[in-house]
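Remarks on the overall topology
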Amino acid sequence: LGVTLNESTRQKDVNSVFHDGLILIPGFRPFAFVFSSLGPHSTSCARSFTWELCRTCGGTLSGSGQIRSPYHPNPYPHSKTCEWVITQSPGQVVTFSFESFDIEGSSTCSFDYVELRDGTSVSSPLIGKYCGTQMPPAAQSTQRSMYVRFVTDSSVSNHGFTAQYAAIMEQTFTNPTGQLTSPNYPNNYPVYRECIYRIIVSVNRQIMLNFTDFALEPTYPSCLYDYVEIRDGGYETSPLTSRYCGTTTPPIIMSHSNRLWIKFRSDMTSTYRGFMAHWDGTLTGTVGPSELGSGDLCCGGTLTTSSGSFTSPNYPLPYHPNSECYWILQASGGSQEELRFEVFHLESSTNCNYDFLEVSGHRASTLIGTFCGSSPPPPNTTTGRHLHVVFASDPSVSHPGFQMLWFQNGKRPSFEACGHLANGGSFNSPGFPNKYPDNKECIWHIQTAAQSSVQLTIHEFDIEPHPDCSYDVLEVYGGPDTSAPRLAQLCHPRPPDQPLQVSSTGNFMTIRFKTDEYVQGKGFNASCGGVFTAPAGELHSPNFPSPYPPNVDCSWVLNVDRGHRVLLTFNEFEIENHNACNYDYLVYDGPDANAPLLGKLCGLNMPAAITATQSTMYIRFRSDSSFNHKGFSTAAMSLELHSRSFDI
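Just so we're clear, the structure is a prediction, and the values are computed from it rather than from any experiment.

The next thing to look at is the overall build of the protein chain. Looking only at helices and strands, the protein chain has 1 helix and 48 strands in total. Burial status across the protein chain gives 52% buried among its 648 residues. In the protein chain, of all internal contacts separated by at least 6 residues, the share reaching a separation of at least 24 is 79%.

Here it is as structure tokens:
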């Protein structure tokens, strides 16, 4: 990392970089410098001077900016450790995204690596550890600080990395009416800023959002740089209404529920005046057929695209009482419509007198069926161009409602099951290792014991890439559902020898995989385990005491108090036997697979107890695609503390 000044450099630029014998660069601690002249006839640059940085990199940062490896874009030095702590203002979290990435690669990232942690120190929960040349995913902290560490060994040096960091401001508005603005409005908004606004009004009310002033950097038609994004619901994963930029005022936005999610983002270059918007959350949300097609609909609408989806009001939360919604689906000339219900859960009654969904043909009087309860309606194909859907609820019981998809001319997604509730084990995209289907959404929920966290390892990853992950995407959330903080958003293929690890800060994790209707890839396979901190507990193979699944790859980290050692004993042990234990149970004396191997076990014989030399033990269990056995039950404890159970 160096600083080069030539004859055209302005004096104020020099003064801002050099001060009292130190180099001051945003993102780094002050550095002492050594002056050296390259001479007027230097072949590397004419009449310039270079100051070499002599101290280590790192520092305490806030706001937004860029950090980079030493000497970037030249190769980084050997045997360096750089540590940054990014701390934002109260109420903000840290976002971190790599712009370039070229680090010596290894299967476990044990040589050179960049490590992100959710907090202020090396002991904070791990967000991710990265190496190689594949761009890591964007990351976000769950608190106001993020710890970044760059470590190099004594051998290979690559070009290193550059990364941007910024603060996200989150505001939640609960008043029935009000206004929101971009930062600094009516003055120009700052660069590299991201703000999240949530509007939540009373149940059985919808929100009208009206922009009264709007001036953002124009980047038509994709709005990639500065933009306002609006989602019809309370979450980042709610249905996208639209994304707006430029100086054209957006149309009036009407929500289908009592929540709106709004994101404002600016990049590192141009800034404009920004926006002001007013909301009115006093509307009742009841819409009659005469109002369809007006463009300002609270619940229902006229739908003309070849495919899409809609939901009951407030989905996935319980729908509002006294709702009445009307949708008209209009196919292009000669096409047929088809409905599919991914989720369906209404109040049950004998004749569907309370809450119901009614589907009619090309004329509203041509009734196809009236549905309620928990059994989704069967697929229905119209014989004309129109389909009428009515949803109504009474004043009393409410359920989660429905999510419906529609298609034209048989162009519908694949509907085979995917996603499940797990407490450890392996899972993969539908069809893996063959290509995954189009128009698919899978959600996996993982829960481990209290006082533990979930560790997800993605071994192979091959999906359709996109700069903003707008096509196919794998998202990881640090909580029981997709409203939790997003830990990772992945859409760039990675080679199999560079697995990616994502860790939660609690004992819940949600994984969402979504595909569009175009390009398909091989997909992914992943495994999950846990990180446990307790004086004692129990571990079981997946499905124990039933046979474990094929192609399992699970790992666990056991932690006891400092000054104690982990003792692992076996209660039951039945794993496929092999001369070299290729499908096996591995125990390491430390926090990961780089630690010394304590045991490599397989077969039907009960192993002897295994004792670590320290307070951490790493366990990995793998199975192949053929024989499955009962698995194992183990007990882990500190040698000097009372036992306490935890299950996975």
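That was the structure; now back to the text.
Another aspect to go through is the environment of Thr81. Relative to the elements of secondary structure, Thr81 occurs in strand 8 (residues 81–87). Measuring from C-alpha to C-alpha, the distance between Thr81 and Cys57 comes to 7.7 Å, with 24 residues separating the pair along the chain.

As a further point, take the sheet that holds strand 13 (residues 145–151). Pairing is mixed across the open sheet formed by 5 strands, whose spatial order is 6-8-13-10-11. Looking along the sheet, the strands with just one partner apiece sit at the ends: strand 6 (58–61) and strand 11 (126–130). The mean inter-strand angle of the sheet, taken between neighbouring strand axes irrespective of direction, is 10°. By the bridge criterion, 4 bridges tie strand 10 (residues 113–117) to strand 11 in an arrangement that is antiparallel. When the sheet's bridge partners are listed, Val114 is paired in strand 11 with Tyr130.

Applying the stated criterion across every chain, the model contains 20 aromatic pairs. Considering the side-chain rings of Phe391 and Phe402, the 5.5 Å spacing of their centres and the 70° angle between planes classify their relative orientation as edge-to-face. Linking Phe391 in strand 30 (residues 386–392) with Phe402 in strand 31 (residues 401–408), this pair joins segments that are 11 residues apart in sequence. With respect to class, Phe391 is no different from Phe402; both count as buried. Measuring from centroid to centroid gives 5.3 Å for Tyr436 and Phe513, while their planes differ by 85°, and the two rings are edge-to-face. With a gap of 77 residues between them, Tyr436 in the loop between strand 33 (425–428) and strand 34 (441–447) and Phe513 in strand 39 (residues 508–514) connect regions that are remote in the sequence. A single burial state applies to Tyr436 and to Phe513, both of which are buried.

In terms of nonpolar packing, the biggest core is built from 52 residues, with Phe96 and Phe161 touching the most fellow members. Setting aside its immediate chain neighbours within four residues, Phe96 contacts Ile67, Ile86, Leu116, Ala138, Ala139, Met146, Val148, Ala163, Gln164 and Tyr165.

Its place among the elements puts Ser141 in the loop between strand 12 (139–140) and strand 13. On the accessibility criterion, Ser141 (1% relative accessible area) is buried. Within the local environment of Ser141, its side chain forms a polar contact with the backbone oxygen of Gln143, the two atoms lying 2.5 Å apart. Beyond its immediate sequence surroundings of up to four residues, Ser141 is in contact with Val93, Val94, Asp118 and Met146.

The tally for this structure, following the rule as stated, stands at 10 salt bridges. The salt bridge involving Glu229 is made with Arg231; its shortest N-O contact spans 3.0 Å. Each member of the pair, Glu229 together with Arg231, is buried. Put simply, Lys522 and Glu460 hold a salt bridge, and the shortest N to O gap is 3.0 Å.

In total, this model carries 5 disulfides according to the counting rule given. A sulfur-sulfur separation of 2.2 Å characterises the disulfide bridge that pairs Cys223 with Cys245. Looking along the S-S bond of the Cys223-Cys245 disulfide, the torsion reads about -75°, which is the left-handed sense. Of the two residues, Cys223 is situated in the loop between strand 17 (206–215) and strand 18 (227–231) and Cys245 in the loop between strand 19 (240–244) and strand 20 (253–254); the sequence distance between them amounts to 22 residues.

Our focus in this paragraph is the confidence of the model for the protein chain. Do not read the predicted coordinates in detail wherever pLDDT is low. Considering every residue of the protein chain, the mean pLDDT works out to 75; 72% of them sit at 70 or more. Every residue in residues 285–298 scores below 50 in pLDDT, and together they form 31 contacts with partners more than four places removed in sequence or on other chains. Across residues 411–417, confidence stays below pLDDT 50; counting only partners more than four residues off in sequence or on other chains, it has 22 contacts.

Counting buried positions along strand 16 (residues 194–200) yields 5 of 7 residues, so the element is predominantly enclosed. Here strand 14 (residues 160–173) pairs with strand 16 via 6 bridges, running parallel. Paired with Ile168 across the two strands is Glu194, which belongs to strand 16. Pairing of strand 16 with strand 21 (residues 259–265) involves 7 bridges; the strand directions are antiparallel. Within strand 21, the residue paired with Cys195 across the bridge is Phe264.

What follows deals with unusual backbone geometry. Residues His72 and Pro73 are joined by a peptide bond in cis, for which omega reads 10°. Note on placement: Pro73 falls in the loop between strand 7 (65–68) and strand 8. With an omega of 10°, the peptide bond running from Phe432 to Pro433 counts as cis. Along the chain, Pro433 falls in the loop between strand 33 and strand 34. Within the chain, Asn184 stands out as a residue other than glycine whose phi angle is a positive 75°. Examined against the element boundaries, Asn184 turns out to sit in the loop between strand 15 (177–181) and strand 16. Relative accessible area serves as the criterion here: at 47%, Asn184 is assigned to the partly exposed category. Residues other than glycine seldom take positive phi values, yet Tyr192 does so here, at roughly 45°. With respect to the helices and strands, the residue Tyr192 is situated in the loop between strand 15 and strand 16.

Analysis parameters
- Residues numbered from 1 in each chain as written.
- Predicted model: local features only at pLDDT ≥ 70, side-chain atom pairs only at ≥ 80, totals over all residues.
- Heavy atoms only, no water.
- Helix = DSSP H or I, 4+ residues; strand = E, 2+ residues; numbered from the N terminus.
- Buried < 20%, exposed > 50% of the residue type's maximum accessible area, 1.4 Å probe, protein only.
- Contact = heavy atoms within 4.5 Å.
- Pairing = 2+ DSSP bridges.
- Axes fitted to C-alpha atoms, helices over the stretch in contact; angles between N-to-C directions.
- Phe/Tyr/Trp six-rings, centres within 6.5 Å; stacked < 30°, edge-to-face > 60°.
- Core = buried A, V, L, I, M, F, W, Y, C linked by side-chain atoms within 4.5 Å.
- Polar contact = N/O pair within 3.5 Å; in protein donor to acceptor, adjacent residues only side chain to side chain.
- Salt bridge = Lys/Arg side-chain N within 4 Å of Asp/Glu carboxyl O.
- Disulfide = S-S within 2.5 Å.
- pLDDT = per-residue confidence, 0-100.

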